[in-house]
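# Structural features, examined
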Amino acid sequence: MAERNLHQADPEIAKLIDDENVREHDSMRLIASENYASRAVMEATGSCLTNKYSEGYARKRYYEGQQVIDQVEELAIARLKELFSRHASGGGLTGAEDDLHVNVQPYSGSPANLAVYLAFLQPGDVVMGLGLPAGGHLTHGHSVSITGKYFKSVPFGVRREDHRIDMEDVRRLALEHRPKLLWAGTTAYPRTLDFAAFRSIADEVGAILAADIAHISGLVAAGVHPSPIGIADVVTSTTHKTFRGPRGGMIFCKKTHASAIDKAVFPGLQGGPHNHTTAAIAVAAREALDPSFTVYAQRVVDNAKVLAAGLVDLGFDVTTGGTDNHLMLLDLTRKNIAGKPAARALDRAGIVGNYNAVPFDPRKPFDPSGLRIGTPAVTSRGMGKVEMEKLAVWIDRAIGSATDEAELGQIAQEVKDLCAKFPAPGLRI
Ligand code: DSN
């Protein structure tokens, strides 16, 4: 008898997956960290590679039967080296590629960042990173994270007047606190990072410089955002945001740090790598090597600029006045609504973002003043300037009618009609 497919074996889960498929198709997905992975990436993720254990690294494993897996991991690494050497800063293409080591085994971005701590720090050492309320990540030393509990965290912020990172202040804090690790990375910051300025501060105080490019790795790969490769000692990233791969993590480092990073990932933090994910990362890297990905990444930024400008025209307070990357942060205080009710109303209108603290937010993190939105997913559907202009108007209408269910329903229908014209990669509709 033929093996049952998912719908036959588990109709409840099959239906929920179908429902999510419809939701992702019919809505404008603006969560800045989300995207649509391609069908090829999905196929690799759902493959038999999920069955295999392979603790260790290619040619040095603790289990037999690695004839295929070693090739998969080596291919993923080779493609990532080629891709991220293209726009490497400083060393130039060949220099950077020769000195580049890649680990594709971290289960996601947070484990990748923990590997950096394990590789270079002892408990109690000082770490500096952008504070969460200013747009940093939990794992850059926030107090509720293990990185803020086991290490002495000295967060830096953004300037009150323009909400941009003040490199002079980073330097002042670094000279005072002498961090062993300095993070250059963000999750809710709409401007370009100056990796060279971070490098010079790290050198001045003898810190390891780690760049967390989880949000921008697709833009960096395409040369649309400056690259920290060739500048930072270590670079971490997720693989599913602007990079548009499967959910996973990756670490780039100079060859001198290869052994410390590899040992920190396995056996320091993890067991067997997720080989199905590694294969899908290789597929995503191949997609990103295609010239069409550069066009995509540039359009992500172009779309974000159009959307931000449209929202400014409609009276929205866009922090820093706009964006250089894929995301923007709206401070809704002047619109007389908090971030959470606004995000909920937008969701009912088929526009999905997330409520988010804004710099110097007087409200609590679970009920903040802001909304974070971004353009990676809608750009993957082929949407452009015209659609971004419509989106700004819909966002304004929905936020202005947050308790008017009829109006929110009307917007949701208009959103759905537009989405029907833009097929989303990877979905089954
Ligand atoms: N959850 C990710 C984001 O949305 O930015 C960060 O880990």
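Scroll up to find the structure.
Cut-offs used in this document
Residues numbered from 1 in each chain as written. Predicted model: local features only at pLDDT ≥ 70, side-chain atom pairs only at ≥ 80, totals over all residues. Heavy atoms only, no water. Helix = DSSP H or I, 4+ residues; strand = E, 2+ residues; numbered from the N terminus. Expected span 1.5 Å × (residues − 1). Buried < 20%, exposed > 50% of the residue type's maximum accessible area, 1.4 Å probe, protein only. Arc of directions from axis to C-beta. Contact = heavy atoms within 4.5 Å. Pairing = 2+ DSSP bridges. 1 Å grid on protein atoms, 1.4 Å probe; cavity = no way out; pocket = protein on both sides within 12 Å on 5 of 7 lines; lining within 4 Å. Points joined across faces, edges and corners; volume = space filled by probe spheres on them. Polar contact = N/O pair within 3.5 Å; in protein donor to acceptor, adjacent residues only side chain to side chain. Salt bridge = Lys/Arg side-chain N within 4 Å of Asp/Glu carboxyl O.

### Let's talk about helix α11 (residues 258-269)
For α11, with 12 residues, the first-to-last C-alpha span of 16 Å sits near the 16 Å given by 1.5 Å per residue. Listing the buried residues of α11 in full gives Ala258, Ile261, Asp262, Ala264, Val265 and Phe266. Buried residues of α11, seen end-on, are gathered within an arc of 155 degrees and therefore sit on one face of the element. For α11, the exposed residues set more than 90 degrees away from the buried face come down to Lys263 and Pro267. Those residues of α11 that are buried are in contact with β2 (56-57), β4 (100-103), α6 (109-120), β9 (234-238) and β10 (249-254).

### Re the pairing of β4
Side chains of β4 alternate between two faces, with Leu100 and Val102 and His101 and Asn103 buried alike. Alignment of β4 against β10, held across four bridges, turns out to be antiparallel. Looking at the pairing, Asn103 lines up with Ile251 of β10.

### Some thoughts on the pairing of β9
Burial analysis of β9 places five of its five residues in the buried class, which makes it a mostly covered element. By the alternation rule, side chains of β9 split into Val234, Thr236 and Thr238 and Val235 and Ser237, which are all buried. Alignment of strand β8 (residues 208-212) against β9, held across three bridges, turns out to be parallel. Residue pairing across strands places Asp212 opposite Thr236, the latter belonging to β9. Relative to β10, β9 is paired through five bridges, and the arrangement is antiparallel. Opposite Val235, over in β10, you have Phe252 as the bridge partner.

### Quick notes on the layout of surface pockets
Estimates place the volume of the largest pocket at around 840 Å³. Around the largest pocket, the lining comprises 29 residues; the ones closest to its centre are Ile17, Glu24, Met42, Gly426 and Leu427. Contributions of two or more residues to the lining of the largest pocket are made by α1 (6-9), α2 (11-26) and α3 (39-45). When residues in the lining of the largest pocket are grouped by element, the largest group, six residues, is from α2. Its volume calculated, the second largest pocket comes out at about 530 Å³.

### As for the side chain of Arg61
With respect to the element layout, Arg61 can be found in strand β3 (residues 60-61). There is a polar contact of 2.7 Å between the side chain of Arg61 and the side chain of Asp70. At a separation of 3.1 Å, a polar atom in the side chain of Arg61 contacts the side chain of Glu73. Not counting the four nearest positions on each side in its chain, Arg61 is found in contact with Ser54, Glu55, Gly56, Gln66, Ile69, Asp70, Glu73, Gln105 and Pro273.

### Quick look at the pattern of salt bridges
Taken as a whole and judged by the stated rule, the model has 23 salt bridges. Between Lys416 and Asp26 there is a salt bridge; the shortest N-O distance is 4.0 Å. Of the two residues, Lys416 sits in helix α17 (residues 405-419) while Asp26 sits in helix α2, which places them 390 residues apart along the sequence. Between Arg59 and Glu74 there is a salt bridge; the shortest N-O distance is 2.6 Å. With Arg59 in the loop between β2 and β3 and Glu74 in helix α4 (residues 69-85), this pair connects stretches of sequence that are 15 residues apart. One salt-bridge network, in which partners are shared between bridges, spans Arg61, Asp70 and Glu73.

Interpretation in functional terms is not warranted from these geometric data alone.
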